[in-house]
Amino acid sequence: MSAPFEVPDPVHAAGPLGVRVVGNSGPVVVLVHGLGRVAACWGAVAALTRDHLRLVLPDNPGLGRSSHLPVPRTIAKHAELHRETLEALGLPPPYHCAGLSLGGMVAPELAAALGDRAASITLFSSSSRESGFWRLSGRSLCRMGGRALRHLSLDHRVNMPELVRPELLSADPQLPQRLDALQRAEGFSARNGTRQLFAAMRWKIGPIISQLPQHRLVVVGSDDKLVPPHNSHRL
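Residues numbered from 1 in each chain as written. Predicted model: local features only at pLDDT ≥ 70, side-chain atom pairs only at ≥ 80, totals over all residues. Heavy atoms only, no water.

S.K.: Which parts of the structure should I look at to understand the nonpolar core?
M.R.: Nonpolar side chains in soluble globular proteins generally cluster together in the buried interior. Ranked by internal contacts, the top residues of the largest apolar core, which has 34 residues, are Val56, Ile75, Cys97, Leu114 and Leu212. Broken down by secondary-structure element, the contributors of at least two residues to this core are β2 (28–32), α2 (75–89), β4 (95–100), α3 (103–114), β5 (118–124) and α8 (190–202). Among the elements that take part in this core, α3 stands out by supplying seven residues, more than any other. Judged by nonpolar contacts, the second largest core, of twelve residues, contains Val38, Ala40, Leu57 and Ala98. (Core = buried A, V, L, I, M, F, W, Y, C linked by side-chain atoms within 4.5 Å. Buried < 20%, exposed > 50% of the residue type's maximum accessible area, 1.4 Å probe, protein only. Helix = DSSP H or I, 4+ residues; strand = E, 2+ residues; numbered from the N terminus.)

Shown next, in the form of structure tokens:
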């Protein structure tokens, strides 16, 4: 069995965010990771697509290789840091903006900031305030806080049942441990993850709809409990 693919080290001095580039040719796809995650979580995706796409994998501010940055109060300010980082890389447009969960909120804002240089947006298991995310995230935050207090721990072994369906954990029991190890290696802050959640709870897609590319795709994830399918359908 081949060894798992590891994403390369971040590009040196490429804008404000820590960012990796995987692949040497093909369309440029910016993949923005989800709430409380790090860019290195895209390793399996990069292994499958690196021969066909040029992947840009930035760490959101406050996490991973962008841990030195404060977490902006708004998703639009998150996206501005992503735009500056992408432009610093000097890769030619057009750009395809994609994101998971919170990344699916940053991706439309990034596309709006890029204007005609953005060719498409793809949102995986994402949501917005209009589709009711603030209610879902508020309840989940309370339940995760209760779990953390009971177990005196913030790791995935404690809170993963609140994030995904139990069938997924049954199929891959080591998933929480692998995520914990990866995030410890890359740089993780539960406080900054919570700050990102508060920014996500306020985000609305309505004001930027007219600025988005015509090519739009929303992918609904059936295993996601923080953003269940009916919420993504509303988006």
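Let's pick the thread back up.
S.K.: Sorry, what's going on with the side chain of Thr85 here?
M.R.: As for its placement among the helices and strands, Thr85 is situated in helix α2. At 3.1 Å, the side chain of Thr85 and the backbone nitrogen of Leu17 are in polar contact. Leave out the neighbours within four places in its chain, and Thr85 touches Ala14, Gly15, Pro16, Leu17 and Val19. (Polar contact = N/O pair within 3.5 Å; in protein donor to acceptor, adjacent residues only side chain to side chain. Contact = heavy atoms within 4.5 Å.)

S.K.: Looking at this structure, I do not really get the environment of Met105. What am I missing?
M.R.: Mapping Met105 onto the fold places it in helix α3. Residues in contact with Met105, not counting those within four places in the same chain, are Ile75, Ser126, Ser127, Phe133, Ala200 and Trp203.

S.K.: Hey, could you run me through unusual backbone geometry in this one?
M.R.: Leaving glycine aside, a negative phi is the common case for residues, and trans is the common case for peptide bonds. In this structure, Pro94 follows Pro93 across a cis peptide bond, with omega equal to 5°. Within the secondary structure layout, Pro94 lies in the loop between α2 and β4. Although it is not a glycine, Ser101 adopts a positive phi angle of roughly 55°. Following the sequence through the fold, Ser101 ends up in the loop between β4 and α3. The phi dihedral of Ser125 is positive, around 45°, even though this residue is not glycine. By the element assignment, Ser125 lies in the loop between β5 and α4 (133–151).

S.K.: What exactly am I supposed to notice about the packing of α2 against α3 here?
M.R.: When two helices pack together, their arrangement is given by the angle between their axes and by how far apart the axes lie. Between α2 and α3, the shortest axis-to-axis distance is 8 Å and the interhelical angle comes to 60°. Considered as vectors, α2 and α3 are oriented oblique to each other. The crossing of α2 and α3 is right-handed. In this structure, α2 contributes Ile75, Ala76, His78, Ala79, His82, Arg83 and Leu86 to the contact, and α3 contributes Met105, Val106, Glu109, Leu110, Ala113 and Leu114. Of the residues contributing to the contact of α2 with α3, the split by class is nine nonpolar, two polar and two charged. (Axes fitted to C-alpha atoms, helices over the stretch in contact; angles between N-to-C directions. Parallel < 35°, antiparallel > 145°, perpendicular 65-115°, else oblique. Left-handed = near helix turned anticlockwise from the far one by under 90°. Nonpolar A, V, L, I, M, F, W, Y, C, P; charged D, E, K, R; others polar.)

S.K.: Any chance you could explain the pairing of β5 here in plain terms?
M.R.: Residues in a regular strand project their side chains so that they alternate between the two faces of the sheet. In terms of residue burial, β5 counts as a mostly covered element, since five of its seven residues are buried. Here six bridges tie β4 to β5, and the two strands are oriented parallel to one another. Across the sheet, His96 pairs through a bridge with Ser120, a residue of β5. As paired elements, β5 and strand β6 (residues 215–219) share five bridges and run parallel to each other. Residue Thr122 lies in a different strand from β6, and its bridge partner there is Leu217. (Pairing = 2+ DSSP bridges.)

S.K.: What exactly am I supposed to notice about α8 here?
M.R.: Count 3.6 residues to each turn of an α-helix, and residues three or four apart come out pointing the same way. Taking 1.5 Å per residue, 13 residues should reach 18 Å; α8 reaches 19 Å between its end C-alpha atoms and fits that length. Looking only at α8, the buried set comprises Asn192, Gly193, Gln196, Leu197, Ala199, Ala200 and Met201. (Expected span 1.5 Å × (residues − 1).)

S.K.: Got a minute to help me understand the sheet that holds β5 in this structure?
M.R.: As a general point, the strands of a sheet are linked pairwise by backbone hydrogen bonds and lie either parallel or antiparallel. Within the open sheet, the six strands sit side by side as β1-β3-β2-β4-β5-β6. Their pairing is mixed. Each edge of the open sheet is held by one strand with a lone partner, namely β1 (19–22) and β6. Put simply, the sheet's adjacent strands are angled 15° from each other on average, direction ignored.

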